[in-house]
Number of protein chains: 2
Amino acid sequence: MKITKSAKPKSPATLRVSATMNVTCPVPLFTSPTIQLGHGSGGLMMHHLLAEMVFPAFANPRLAQNHDGAVFSVGNSRLAFTTDSYVVKPLFFPGGNIGSLAVNGTVNDLAMCGARPLALSCGFIIEEGFPSADLKRVIESMKNAARLAGVEIVTGDTKVVDRGHGDGIFINTSGIGLIEGDWEISPRAVEPGDAILLSGDLGRHGIAILAEREGLEFETTIESDCQPLHEVVAALLQAGLPVHCLRDLTRGGLATAVKEIANDSGYGIRLDETAIPVSDTVRGACELLGLDPLYVANEGTMIAIVPGERAEEALAAMRSVPEAANSVKIGEVLPETNRRVMLKLSLGTERILDMLAGEQLPRIC
Amino acid sequence: MKITKSAKPKSPATLRVSATMNVTCPVPLFTSPTIQLGHGSGGLMMHHLLAEMVFPAFANPRLAQNHDGAVFSVGNSRLAFTTDSYVVKPLFFPGGNIGSLAVNGTVNDLAMCGARPLALSCGFIIEEGFPSADLKRVIESMKNAARLAGVEIVTGDTKVVDRGHGDGIFINTSGIGLIEGDWEISPRAVEPGDAILLSGDLGRHGIAILAEREGLEFETTIESDCQPLHEVVAALLQAGLPVHCLRDLTRGGLATAVKEIANDSGYGIRLDETAIPVSDTVRGACELLGLDPLYVANEGTMIAIVPGERAEEALAAMRSVPEAANSVKIGEVLPETNRRVMLKLSLGTERILDMLAGEQLPRIC
């Protein structure tokens, strides 16, 4: 999903390069003559596209992948740098809109690098004829989300495309964050015995978008979980906890994120289905729509991977922040080096979880 | 055109806030109920949109505008941060394509802040059905442009929108650069007596795009000037020249850039028409098409503003770099504080230059 440059604190010459690409793609898997919606899904099709076309072209000794942002040193500072374009449809949905999403999404990508968000950029691609009042609403939401996240939007760009060649508005936000410690937060830091902690219940963003798009009505309105997660990360780091990996559960959902981490860490991971919170409304909507909540996108929910013996401490730190008040342990990293993710079902049996294969729901973010 | 955060080297508490917004927009000038192509032109309509909707919302004590990027300090380093989305149509044109443009454009925005480009992000918004072979060509061009500019693409994002809701591919690149000195390069540093130096002839990018789009043929193919300018800037700075302001002449062309600088510096500026180089082919095409080359976009041509008495030295430094081999002096900053740009014509008379008013040529970059 991400191209990543990862540097150890002060010795750029000793950077490690992940060999995951060759492991996950031993034979050419991107053979499509055209780009399909599934290539933007965050799942397997996107991984194939990136692994075969993007990563080799942009390869350099510091390029890695499958992380939410790049980390590198400038002077005496460690910075995180990340980018995301937002093409969500509809633009306005219960719990947020493309503006709040664009700010929170990039704030969260920085947070997942263990960084404190410092500054955001904002690039608008607006379709000719877009209502000025809607643009104003979007900008107001960005302003409010930035204030809540304690980050400033410092530079921007506005492009307008002719009618029929865009879709209302697309927004790119890129962000710079400051990593105030020498921790390495990365799938490569994951170890057997680590606990997988989840910050809240799954699937609200995806179902909110789908309901709005398809005009579905549920007993209770399902609101997106769109929210900033930097304070959850700060609580973990300020408590001095040895955080091994962080990941927000956007496109592809929990299952895809955990599978990515298994691939990149080299270890197997077991999740416990009965421990994974999904609200009754979301579960009902998923059953109705034939969706698996483990693959539905979230925009304010994350996992933290910490040593098993520190799990309770870490959960306490996470729960101290309102955005992660309902944090729970949902699984653990196994000693097996098979990169396999197993889901322990309520009946005691297990099934294998893989990445999202095609496209579950396009334009979710 | 740009929202900018501008910081003095090591004392963020003493940041100056530009009051230009109130000066240029004393009364509401953005009253359009919908967004029009002209709002993306880089000219007056865009300035009104930004001044009345974007700048007030994102206002913070460090927010300024009308500069190519934000400048701020992190630890013991001064960084530049910039973003641009590229929506050029057609995607491939003589002298470049959307990929090389996306890398060079952002490299140049960093350079105009006096920064050495360090790292770029890359966000693709691809329309479903876009040929994979074209994506490959674009990525190869980005790779080559990044190598030539000595910059790494370190993080990225890929989104796919459904057929009919995009236009092939849009690319956002954001960039981080390192400012290796304590210079302040900004319209506010401009002083009366400063010389305006131009790095090459005008209008090649705009005319190349227009010719390709409209199927026009000239005796010689006009190629875009798309190229990186960071070495031109490095030559100026390494020569120890007191550079006051730098600007690449993209949307809105030379005239709009100079008018922006006049507005933000507070001073009048006089340009000498006979000194401004325009090739015969571009001039002929402009006459045919009813365009003014002073307003046509460039993607590898810049102005540098330096003290008048250092102009010859600065020209020598610029000419030492192939990308600016034909640099010339084209004007000067006047003592009058009327923010007016005058063009001295070949007949000896003068005319006022204002910003590009509407849209000369949409989707130029």
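Draft legend 1. Focus on the side chain of S85 of chain A. If you trace the backbone, S85 of chain A turns up in strand β4 (residues 77–86). Under the relative-accessibility criterion, S85 of chain A is labelled buried at 1%. Among residues more than four places away in sequence, those in contact with S85 of chain A are I171 and N172 of chain A together with G123, I125, D157 and K159 of chain B.

Draft legend 2. Inspection of the interface of chain B and chain A at higher detail. Each partner contributes to the interface: chain B provides 83 residues, whereas chain A provides 83 residues. Of the roughly 6,800 Å² buried between chain B and chain A on both sides combined, carbon and sulfur atoms contribute 64%. Our count for the contact surface shared by chain B and chain A stands at 8 salt bridges. Of the charged contacts, one joins R251 of chain B and D157 of chain A as a salt bridge, the two residues approaching to 2.8 Å between their closest N and O atoms. If you look at where chain B meets chain A, you find 24 residue pairs in polar contact (both at pLDDT 80 or more).

Draft legend 3. Structural view of the pattern of salt bridges. Under the defined criterion, the tally for this structure stands at 32 salt bridges over all chains. Put simply, D201 of chain A and R204 of chain A hold a salt bridge, and the shortest N to O gap is 3.1 Å. For R204 of chain A, a relative accessible area of 25% gives the class partly exposed. One continuous salt-bridge network, built from bridges that share partners, spans D84 and R251 of chain A together with D157 and K159 of chain B.

Draft legend 4. View of the side chain of N172 of chain A. Residue placement: N172 of chain A occurs in strand β9 (residues 169–179). The buried category is assigned to N172 of chain A, whose relative accessible area is 3%. A polar contact is formed between the side chain of N172 of chain A and the side chain of S174 of chain A, at a distance of 3.2 Å. When near neighbours in sequence (up to four residues on either side) are disregarded, N172 of chain A contacts T83, D84, S85, S121, C122 and G123 of chain A together with T83, G123, N172 and S174 of chain B.

Draft legend 5. Quick look at the sheet that holds strand β13 (residues 302–307) of chain A. Residue and element names in this part refer to chain A. Taken in spatial order, the 7 strands line up as β11-β13-β10-β14-β12-β15-β16 in an open sheet, and their pairing is mixed. The open sheet has two edge strands, β11 (245–248) and β16 (350–353), and neither has a second partner. Adjacent strand axes in the sheet meet at a mean angle of 25° when their direction is disregarded. Sheet topology places strand β10 (residues 194–198) next to β13; 5 bridges connect them, and they run antiparallel. Bridge pairing in β13 links L198 to I303. Each of β11, β12 (269–272), β13, β14 (328–333), β15 (341–344) and β16 is contacted by helix α7 (residues 253–265), which is oriented at about 155° to β12, the strand it contacts most. Running at roughly 20° to β10, helix α9 (residues 311–319) makes contact with β10, β13 and β14 of the sheet.

Draft legend 6. The arrangement of the packing of helix α3 (residues 98–111) of chain A against helix α4 (residues 132–149) of chain A in detail. All names here are of chain A. Where α3 meets α4, the closest approach of the two axes is 7 Å, and the angle between their N-to-C directions is 30°. Relative to α4, the element α3 is oriented roughly parallel. In terms of crossing hand, the pair formed by α3 and α4 is right-handed. In this structure, α3 uses I98, G99, S100, V103, N104 and V107 to contact α4, whose residues at the interface are V138, S141, M142, A145, A146 and A149.

Draft legend 7. Examining the sheet that holds strand β11 (residues 245–248) of chain B more closely. All names here are of chain B. On the basis of which strands lie adjacent, the open sheet formed by 7 strands has the order β11-β13-β10-β14-β12-β15-β16 and mixed pairing. Every other strand in the sheet has two partners, leaving β11 and β16 (350–353) as the edge strands with one partner each. Direction aside, neighbouring strands of the sheet carry axes that sit 25° apart on average. Strands in contact with helix α9 (residues 311–319) are β10 (194–198), β13 (302–307) and β14 (328–333); relative to β10, the strand with the most contacts, it is inclined by about 20°.

Draft legend 8. A look at the packing of α4 of chain A against helix α2 (residues 44–58) of chain B. Orientation of α4 of chain A relative to α2 of chain B, taken along the N-to-C sense of each, is 25°, at an axis distance of 8 Å. Of the possible angle classes, the one that applies to α4 of chain A and α2 of chain B is roughly parallel. The way α4 of chain A lies across α2 of chain B gives a crossing that is right-handed. Across the interface between the two elements, S132, L135, K136, I139, E140, M142 and K143 of chain A from α4 of chain A touch L49, M53, V54, A57 and F58 of chain B from α2 of chain B. Residues of the contact of α4 of chain A with α2 of chain B, tallied by class, amount to 8 nonpolar, 1 polar and 3 charged.

Parameters and conventions
- Residues numbered from 1 in each chain as written.
- Chains lettered and ligands numbered in written order.
- Predicted model: local features only at pLDDT ≥ 70, side-chain atom pairs only at ≥ 80, totals over all residues.
- Heavy atoms only, no water.
- Helix = DSSP H or I, 4+ residues; strand = E, 2+ residues; numbered from the N terminus.
- Buried < 20%, exposed > 50% of the residue type's maximum accessible area, 1.4 Å probe, protein only.
- Contact = heavy atoms within 4.5 Å.
- Buried area = accessible area lost by both parts, 1.4 Å probe.
- Salt bridge = Lys/Arg side-chain N within 4 Å of Asp/Glu carboxyl O.
- Polar contact = N/O pair within 3.5 Å; in protein donor to acceptor, adjacent residues only side chain to side chain.
- Pairing = 2+ DSSP bridges.
- Axes fitted to C-alpha atoms, helices over the stretch in contact; angles between N-to-C directions.
- Parallel < 35°, antiparallel > 145°, perpendicular 65-115°, else oblique.
- Left-handed = near helix turned anticlockwise from the far one by under 90°.
- Nonpolar A, V, L, I, M, F, W, Y, C, P; charged D, E, K, R; others polar.

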